[in-house]
Amino acid sequence: MTSPAGSEAPRPADAGPQSAHRPAAWVRTRLRATPLAALLTAVLAFGTVFLAAAFPRMLDRSADQGLREFLRDRGPAATSILATADLRGEAESLDRDAALLTAHTGATFRVAPGGPVYGSRSGKPRPLINPGLARPEKADPMMDLLYLQGLREHVTLAEGSWPGAPSAVGPVPIAISRDVAETVHIRLGDVLQTSSATSGEKSPSAQVVGILDVNDHDDPYWTELPCPSRACLNYTTGKEPAAYWHIAGLVDGSALQPLRTWQTGAQDFWRLPVDVDGLRADRLAATDREVASYLTGPTANTLANASRRPDLHFVSQLPTLFRQATERQEAAAPLAAIGPAGLAGVGVVVLCLAAALTGDRRAAELRLLQARGGSRSGVLLRLLGEGAVTVLPASALATALALWLLPAPRWGGALLAASAVALFTLLALPLRAARLWARPRPGLGRRRLVGELAVLALTITAVAEVRRRGVATTGESADPLLVVAPLLLALTGGLLLARLQPLLVGALTRVAARRPGAVGFLGLTRAARGTGGRQGTSVLPLLALLLAVTTAGFGATVLGAVDTGRTRAARLSVGGDASVIVPIGVTVSSAFADEAAKLPGIRASAPVWADTEVFVLGGNGTTRVFAVVADPASYAEISRSLGRGAFDPAVLSGGAGGPDAAVPVLVSTALAKQLGGDATHRLRLPNGGELLTSTAGTVDATPALQGEDRLFVVLPAAPAVAAAPELGRANLWLATGSVDEGELRRLVRERIAGDAERATRATIAGSAGQGEGLPAGYTVRTSAAVTAQLADDPLQDSAARLFWAAVLGSGALALLAVLLTLVRAAPERTALLARLRTMGLRPRQGLALILVETLPQTLVAAVGGGLVALAAVALLGPSFDLSILVGAEIARGLPVDVPPVLLQTAGLAALVAAGVVAEALIAGRRQITTELRAGDQR
């Protein structure tokens, strides 16, 4: 007779304590009985918990890195807080106030390690009238006086001495950098004279007592200062701007009073560079509030009162940059979250599948325990103990490893995700086992149908809401509805495929039944019944594959649309694939145009005359327009290739030229509306001449001009130049094709800049040219370079890397789901193959039977996932605005693109199929041999 569970069997009265029977511990016995299963459970828990803990850390790290790189690229001037006040003339007060300003930082941001940069400066520069100074265009150099605290740490005294205190009547002793001295032709000991604003006023002067060598011209210390390390080339205002040199003379802290008499508006200033590396994306809103308080809030009032400077004023670009950074984070958040969300979905399915397969494998054991009096709670607690021994140590180790490998200031999300996955892994098997005691209830099919309809209704609601309101901006996090919508679509598609798969495979089975050979029929019959004859568990690997393919295809489409949009935006910005712009007065020579057209990779090119100082004289008055003069055939080819303002060059044919013949022109749609029905009108050219034109057609845009719905006209070169020869002096060159930027620059130097008669301003040494040997005013741009510049975005790069890591993880888990199903069905399949081997089945036919049985589910899931991904793009695409990710304004929406989805579908299908084939090759033959030796014991 069997004793009830939990009771102690009676023993003889003379039996002592040493003879008592102590049953072996349940957990130890079970783990020793199935060590491989325990090891696989621990490995599965380790992998899933590690991914759960790692991805929140990766999200945090990518957000922080993207924010810091974005701010670092803006330079130290944009990421500083500048405080100014009226000049006091005391160096000690500058030090005290600098310490006061710095002391109020540190809650969410701090000053960069270099510390604040502060000093005093004269309000306005004064002109230097000494003869012999450099005057590029006969304009006197302008000089400021400047005091900088800590100057001696950033320069080296090359000649003379450090400036000291000035005398009562003598010039102000100053020091200048060697670059300034050489550029403006100033020597040691020179007394620099200035002009007075009114007659009778004594002009201040300064004497150069020291020449300094700047240690590092690119040091942030020199940011936002009035040209202390190098002479700056500026231009006067007026109708005819003239170039002049702007410099600064450096004074000692004891010579601050002369700054007041040098010019009006002298100031004390403090620049507080914010430590960008200490900023965090999750605290960006709090940092913005603290900076705003510094600028115009309580902190600003407190500092003004504490420093006794009521005129203390703060300015900074940080609030604007923080707003832009927030917008970028919101734009990249869906892309960064879609991949991990899909990975989470696949991971949940895999854990459920593992629990279901383990429950099926141990169903007989659990029913036996129930039949022998085991209570439900007792058995479930023992199963929970088994899981605790294997799952909890592996989960703790995985969490610690993730925290160590991915350091980040935030750990709450990682611990929460790891704990949730560990708890789910721990409870999955006991909850599955609890169903064995549940009484079968009628109406299971109706409940399943109701659940599927509920999922369908939830999916329709989510998609409709996303399409109605667009992508919601929820602070710095991803729109949860947009992230969940693709997963809901995948879940709905998986449930639909689970309904359709038996029908499809059944139809193939009937076709195979009419063909010779039993391998196809047997394999498809087993596939229609579910892998291993377990219809319930076969839905889970299908769902895992579908989730992986859908999220991979959807995310790849988003990334592909970003790349495509960036390339198109770059081409529109350039006006083709390459452009050359020359300064005013310089012409794109015909020699250059001919040689450039022969460069390798050039498909079409055209020299263009473009100007904004052209007016249309019509019945409604005078309208300013942008005029383009180009060869119709070449320009039409560029327009067609660019997809911007395409037209038939034949519409611009005709027009014999001359002052009385009308030149056919294309006008913009907006200009045509203003002109009304007037087909003929006159153009007033920049030189005052007029040209009679007639409207031959309308276009919405043109390559030489960015933007649409602008007022412009396009004229054919031959008749326009015949009527007005000045229109033949092209100042722009456009081309399409694969262009070598270096070769194009060389050609510009040799054929345009080398032969042109350049203006004086273009030959000034040290002026702001474009580099690589091009003089100032010459610009060479290529779409490839602009695309690379737009793509240099660490935030998007981090989001893309995170997405692809999630795709790889999803693919691995989907493969694991399929392999788990195959391993569970292996004993039954092996027995079938062993029986068939005794009836003459060859090994190659056995492999074919395995593949026919298992691959239909893989192929159906891959194809279904691809179709669901395309449906998700079509349904959710209109809600996307990729302009921020692209880096330029583009049309709203996500185009349906088949190649990215097809690539992901084929890749995951090939990966899973390879796993299936490998499992069949490795395990199949050995198991069949073992089965034949042992005999069928089932």
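Parameters and conventions
- Residues numbered from 1 in each chain as written.
- Predicted model: local features only at pLDDT ≥ 70, side-chain atom pairs only at ≥ 80, totals over all residues.
- Heavy atoms only, no water.
- Patch = residues over 30% accessible without salt bridge, like charges linked within 9 Å, V, L, I, M, F, W, Y side chains within 5 Å.
- Areas by Shrake-Rupley, 256 points an atom, 1.4 Å probe, with all protein chains shown as cover.
- Salt bridge = Lys/Arg side-chain N within 4 Å of Asp/Glu carboxyl O.
- Helix = DSSP H or I, 4+ residues; strand = E, 2+ residues; numbered from the N terminus.
- Buried < 20%, exposed > 50% of the residue type's maximum accessible area, 1.4 Å probe, protein only.
- Arc of directions from axis to C-beta.
- Contact = heavy atoms within 4.5 Å.
- Disulfide = S-S within 2.5 Å.
- Polar contact = N/O pair within 3.5 Å; in protein donor to acceptor, adjacent residues only side chain to side chain.
- Pairing = 2+ DSSP bridges.
- Axes fitted to C-alpha atoms, helices over the stretch in contact; angles between N-to-C directions.
- Parallel < 35°, antiparallel > 145°, perpendicular 65-115°, else oblique.
- Left-handed = near helix turned anticlockwise from the far one by under 90°.
- Phe/Tyr/Trp six-rings, centres within 6.5 Å; stacked < 30°, edge-to-face > 60°.
- Nonpolar A, V, L, I, M, F, W, Y, C, P; charged D, E, K, R; others polar.
- pLDDT = per-residue confidence, 0-100.

## Section: a nonpolar patch on the surface
Thinking step 1. A cluster of nonpolar side chains, Leu36, Leu39, Leu40 and Val43, forms an exposed patch at the surface whose accessible area comes to about 410 Å².
Thinking step 2. In this fold, leucine 40 is placed in helix H2 (residues 35-73).

## With respect to the pattern of salt bridges
Thinking step 1. Scanning the model with the defined rule gives 21 salt bridges in all.
Thinking step 2. Residue glutamate 452 pairs with arginine 499 through a salt bridge whose shortest N-O separation is 3.0 Å. With glutamate 452 in helix H13 (residues 444-469) and arginine 499 in helix H14 (residues 480-513), the pair connects residues that are 47 residues apart, well separated along the chain.
Thinking step 3. Among the residues examined, glutamate 452 registers a relative accessible area of 15% and is labelled buried.
Thinking step 4. On the accessibility criterion, arginine 499 (35% relative accessible area) is partly exposed.
Thinking step 5. Linked through salt bridges whose partners overlap, the residues forming this network are Asp60, Asp64, Arg280, Asp282 and Arg410.

## Notes on the environment of alanine 285
Thinking step 1. Structurally, the position occupied by alanine 285 is in helix H7 (residues 284-296).
Thinking step 2. A relative accessible area of 41% means that alanine 285 is categorised as partly exposed.
Thinking step 3. For the pair alanine 285 and threonine 326, spaced 41 residues apart in sequence, the C-alpha to C-alpha distance is 8.7 Å.

## Let's talk about helix H22 (residues 783-791)
Thinking step 1. Regarding H22, the residues found buried are Ser783, Val786 and Thr787. Buried residues of H22 fall within an arc of 100° about the axis and therefore sit on the same side. Exposed side chains of H22 directed beyond 90 degrees from the buried face belong to Ala784 and Gln789.
Thinking step 2. The inward-facing, buried residues of H22 abut helix H16 (539-574) and strand E21 (779-782).

## Description of the state of the cysteines
Thinking step 1. Throughout the structure, instances matching the rule amount to one disulfide.
Thinking step 2. One disulfide in the model links cysteine 227 with cysteine 232; its S-S distance is 2.1 Å. One quick way to see it: the torsion about the S-S bond of cysteine 227 and cysteine 232 is about -120°, and its sign makes the bridge left-handed.
Thinking step 3. Judged by relative accessible area, which is 9%, cysteine 227 ranks as buried.

## Let's talk about the side chain of aspartate 268
Thinking step 1. Inspection of the secondary structure puts aspartate 268 in strand E11 (residues 267-273).
Thinking step 2. A polar contact is formed between the side chain of aspartate 268 and the backbone nitrogen of arginine 88, at a distance of 3.1 Å.
Thinking step 3. Among all residues touching aspartate 268, those that are not within four sequence positions of it are Ala83, Thr84, Ala85, Asp86, Leu87, Arg88, Leu94, Gly119, Ser120 and Arg309.

## Comments concerning the pairing of strand E13 (residues 578-581)
If a strand is regular, its side chains alternate between the two faces of the sheet.
Thinking step 1. With four bridges connecting them, E13 and strand E20 (residues 732-737) associate as antiparallel partners. By the bridge assignment, alanine 578 is partnered in E20 with alanine 735.
Thinking step 2. Pairing between E13 and E21: four bridges, direction antiparallel. If you follow valine 580 over to E21, its bridge partner there is valine 780.

## Here's the deal with the packing of H7 against helix H9 (residues 318-361)
Thinking step 1. Relative orientation of the contacting elements H7 and H9 amounts to 165°, with a least axis distance of 10 Å. With respect to H9, the element H7 is oriented roughly antiparallel. Our pair here, H7 against H9, has a crossing hand that is left-handed. Side by side, H7 and H9 meet where Leu284, Thr287, Asp288, Val291 and Leu295 of the first sit next to Leu318, Pro319, Phe322, Ala325, Thr326 and Gln329 of the second.

## Let's talk about the packing of aromatic side chains
The relation between two aromatic rings is expressed through the spacing of the ring centres and the mutual angle of the planes.
Thinking step 1. All told, the structure shown has seven aromatic pairs when counted by the stated rule.
Thinking step 2. Seen from their ring centres, tyrosine 221 and tryptophan 222 are 5.1 Å apart, and the 85° between their planes marks the pair as edge-to-face.
Thinking step 3. Ring centres of phenylalanine 592 and tryptophan 733 lie 5.5 Å apart, and the angle between their planes is 75°; this geometry places the pair in the edge-to-face category. Placement of the pair is phenylalanine 592 in helix H17 (residues 590-597) and tryptophan 733 in strand E20, with a sequence separation of 141 residues. One exposure class covers both phenylalanine 592 and tryptophan 733, and it is buried.

## Considering the packing of H9 against H16
Axes are the key here: two packed helices are described by the angle between their axes and the distance separating the axes.
Thinking step 1. Across the interface, H9 lies against H16 with an axial gap of 9 Å and an inter-helix angle of 170°. In terms of orientation, H9 lies roughly antiparallel with respect to H16. Together, Leu335, Ile338, Gly342, Gly345, Val346, Val349, Cys352, Leu353 and Ala356 of H9 and Leu540, Pro541, Leu543, Ala544, Leu547, Ala548, Thr551, Phe554, Gly555, Val558 and Leu559 of H16 make up the contact between the two elements.
Thinking step 2. Of the residues contributing to the contact of H9 with H16, the split by class is 16 nonpolar, four polar and no charged.

## Observations regarding the confidence of the model for the protein chain
Thinking step 1. Averaged over all residues, the pLDDT of the protein chain equals 81, while 87% of them reach at least 70.
Thinking step 2. Confidence drops under a pLDDT of 50 for residues 12-19, and excluding neighbours within four residues, the segment shows one contact in the predicted structure.
Thinking step 3. When the criterion is pLDDT under 50, residues 531-537 qualifies, and its contacts beyond four places in sequence or with other chains add up to 22 contacts.

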